[in-house]
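Residue-level structural notes
Residues per chain, in single letters:
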Amino acid sequence: RSFIATDTHLLSKELMKNDELMDQVFEFGDGRFVHYSNEIMSTLVDTIKTELPDILILSGDLTHDGEKASHIAMAAQLNEIEKSGTRVYVVPGNHDLENPFAKDYAEGGWKTTETITQDDFEKIYKNYGFSEAISRDPNGLSYMVAPSEDVYLLMLDSNKYGMLNMPTGGGVIQSETLEWIKEASQIARDHNAQIVTVMHHNLIKHSEKLYQGYVINNSEEVVPVFDDLDLSIVLSGHMHAQSIKSTEQAQNTIYDIVTSSMSIYPMNYGVLDYSKGKGFSYHLESLDVQKWAESNSTDPNLLNFNEYAKDMNFIQNYNRAVSSLIEE
């Protein structure tokens, strides 16, 4: 059993000491409950300690805006998860690296704070995938692991890097990485193992209106390669919305499963079950932050989180809709 969490957008508590600024970040944001991102992540940790899945997959945008302090805070949470026996595997998202918007929301006003490079990412998350890799992409942060005899994970860095090696927001699978994927897939075939592919950006369109910047730029090139290699299950994120789409190819039906952002209401995570002979099944669960708060917090919003989060989600969506109409 694997849990899939994506777009967790954790912001270190040490970077959110200005309550007024944090209220603005939430009010004018895109629905992320950034101000409670640590508590949401702690709820996931406790849920895993209770449910004991074999694997936790994090498919990018681990942090709010790539703050080094947030990555360190995330790694500490992942360490707690691995102590319980669940193995963790991560890939970066477009927010996680070389991010010029990394901020410290300090008492005297916000200021820029340190972000991280690709090398930093590998060092910070060494124990959450990279050290277990049975194959590494020499061109970047992609790797393959073998958490079981018959299921391997192909963890892809789908970021499109631009000036100063900064992710542009859009996604791509570079031609050099595609060649490495072919080699890595052969290793799995040699061991009669199926591959589940994980990346931040989407492989195929989930919406005719919401795809630019979300679907990898070279989808038409990549999909036939995935078909040839029998890479028929892809786990992605980035959209913040839940969606499953498929594409019929020459040899396989390829499924792109987008798990909704864990940082937005109703704080979902995916569950991927595998049974030899029966195959895979996927469903959604929601974190019970309110239950976690009963033993860990005195904050009235957290103690009444179910109603609070639902109300705040409605207000945010309403305000965004009105603002959009006014702009139109």
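Look up a bit, the structure's there.
A brief report on the enclosed structure follows. (Residues numbered from 1 in each chain as written. Predicted model: local features only at pLDDT ≥ 70, side-chain atom pairs only at ≥ 80, totals over all residues. Heavy atoms only, no water.)

The next point concerns the layout of surface pockets. Quantified by volume, the largest pocket comes out at close to 350 Å³. Every residue lining the largest pocket is counted, 17 residues in all, and those nearest its centre are Thr47, Thr50, Glu51, Asp288 and Lys291. (1 Å grid on protein atoms, 1.4 Å probe; cavity = no way out; pocket = protein on both sides within 12 Å on 5 of 7 lines; lining within 4 Å. Points joined across faces, edges and corners; volume = space filled by probe spheres on them.)

Sheet architecture is open: seven strands sit in the order β6-β7-β8-β11-β12-β14-β13, paired in mixed fashion. With one partner strand each, in any of the chains shown, β6 (135-136) and β13 (243-248) form the two edges of the open sheet. Two elements, β6 and strand β7 (residues 143-145), share two bridges in a ladder whose sense is antiparallel. Bridge pairing links Ser135 to Met144 in β7. This element, helix α6 (residues 219-228), spans β11 (194-198), β12 (233-236), β13 and β14 (253-258) of the sheet and lies at about 115° to β14. (Pairing = 2+ DSSP bridges. Helix = DSSP H or I, 4+ residues; strand = E, 2+ residues; numbered from the N terminus. Contact = heavy atoms within 4.5 Å. Axes fitted to C-alpha atoms, helices over the stretch in contact; angles between N-to-C directions.)

Turning to the pairing of strand β16 (residues 279-286), a few remarks are in order. In this sheet, β16 lies alongside strand β15 (residues 268-275) in antiparallel orientation, the contact comprising eight bridges. Opposite Tyr269, over in β16, you have Glu285 as the bridge partner. Hairpin connection between β15 and β16: a loop of three residues separates the two successive antiparallel strands, and Gly277 in this loop has a positive phi of roughly 95°.

Inspection of the entire model under this criterion finds 13 aromatic pairs. The interplanar angle of 65° and the centroid separation of 6.0 Å between the aromatic rings of Phe33 and Phe305 together place this pair among those described as edge-to-face. Of this pair, Phe33 sits in the loop between α1 (19-27) and α2 (37-51) while Phe305 sits in helix α9 (residues 305-327); the two residues are 272 residues apart in sequence, bridging distant segments of the chain. A relative accessible area of 0% means that Phe33 is categorised as buried. Of the aromatic side chains, those joined through ring pairs into one cluster are Phe26, Phe33, Tyr36, Phe305 and Tyr308. Between Lys103 and the ring centre of Trp110, over which it is positioned, the NZ or CZ distance is 5.1 Å. A cation sits over an aromatic face here: Lys205 above Tyr211, 4.0 Å from the ring centre. (Phe/Tyr/Trp six-rings, centres within 6.5 Å; stacked < 30°, edge-to-face > 60°. Buried < 20%, exposed > 50% of the residue type's maximum accessible area, 1.4 Å probe, protein only. Lys NZ or Arg CZ within 6 Å of the ring centre and 35° of its normal.)

Here we take up the packing of α2 against helix α3 (residues 68-83). For the pair α2 and α3, the least separation of the axes is 9 Å and the interaxial angle reads 15°. By the criterion of interaxial angle, the relationship of α2 to α3 is roughly parallel. In the crossing of α2 with α3, the sense of the turn from one axis to the other is right-handed. Contacts from Asn38, Met41, Ser42, Val45, Ile48 and Lys49 of α2 reach α3 at Met74, Gln77, Leu78, Glu80 and Ile81. Across the contact of α2 with α3, the residue classes tally to six nonpolar, three polar and two charged. (Parallel < 35°, antiparallel > 145°, perpendicular 65-115°, else oblique. Left-handed = near helix turned anticlockwise from the far one by under 90°. Nonpolar A, V, L, I, M, F, W, Y, C, P; charged D, E, K, R; others polar.)

Overall, mixed pairing links the five strands, which are arranged β3-β2-β1-β15-β16 in an open sheet. Strands at the two margins of the open sheet, each flanked by one partner only, are β3 (87-91) and β16. Within the sheet, the average angular offset between the axes of one strand and its neighbour, ignoring direction, is 20°. With three bridges joining them, strand β1 (residues 2-5) and β15 adopt antiparallel strand pairing. Counterpart to Phe3 in the pairing with β15 is Val271. Where α2 meets the sheet, its contacts fall on β1, β2 (55-59) and β15, and the angle it forms with β1 comes to roughly 170°. Sitting on the sheet, α3 is in contact with β2 and β3, with an inclination near 150° to β3.

Looking now at a negative patch on the surface. On the surface, Asp19, Glu20, Asp23, Glu27 and Glu107 cluster together into a negatively charged patch. Looking at where Glu107 falls in the secondary structure, it is placed in the loop between β4 (103-106) and β5 (109-112). (Patch = residues over 30% accessible without salt bridge, like charges linked within 9 Å, V, L, I, M, F, W, Y side chains within 5 Å. Areas by Shrake-Rupley, 256 points an atom, 1.4 Å probe, with all protein chains shown as cover. Salt bridge = Lys/Arg side-chain N within 4 Å of Asp/Glu carboxyl O. Lys, Arg positive; Asp, Glu negative; His and termini not counted. Charge placed at Lys NZ, Arg CZ, Asp CG, Glu CD.)

A cluster of nonpolar side chains, contributed by Phe314, Ile315, Tyr318, Val322 and Ile326, occupies part of the molecular surface with about 530 Å² of accessible area. Within the element layout of this structure, Phe314 appears in helix α9.

A pair of packed helices is characterised by two quantities: the angle between their axes and the separation of those axes. The N-to-C vectors of α2 and helix α7 (residues 289-296) enclose an angle of 90°; their axes lie 9 Å apart at closest approach. Between α2 and α7, the angle is such that the two are roughly perpendicular. Across the interface between the two elements, Glu39, Ile40, Ser42, Thr43 and Asp46 of α2 pack against Val289, Trp292 and Asn296 of α7.

With that settled, consider the environment of Glu114. Inspection of the secondary structure puts Glu114 in the loop between β5 and α4 (118-124). Sequence-wise, Glu114 and Ser236 are 122 residues apart; in three dimensions their C-alpha atoms are separated by 27 Å.

Take the side chain of Asn18 next. Tracing the sequence through the fold places Asn18 in the loop between β1 and α1. For Asn18, a relative accessible area of 13% corresponds to the buried category. A distance of 3.2 Å separates the side chain of Asn18 from the backbone nitrogen of Glu20, its partner in a polar contact. Engagement of the side chain of Asn18 in a polar contact is seen with the backbone nitrogen of Leu21, the distance being 3.0 Å. Setting aside chain neighbours within four positions, we find Asn18 in contact with Tyr105, Ala106, Glu107 and Gly109. (Polar contact = N/O pair within 3.5 Å; in protein donor to acceptor, adjacent residues only side chain to side chain.)

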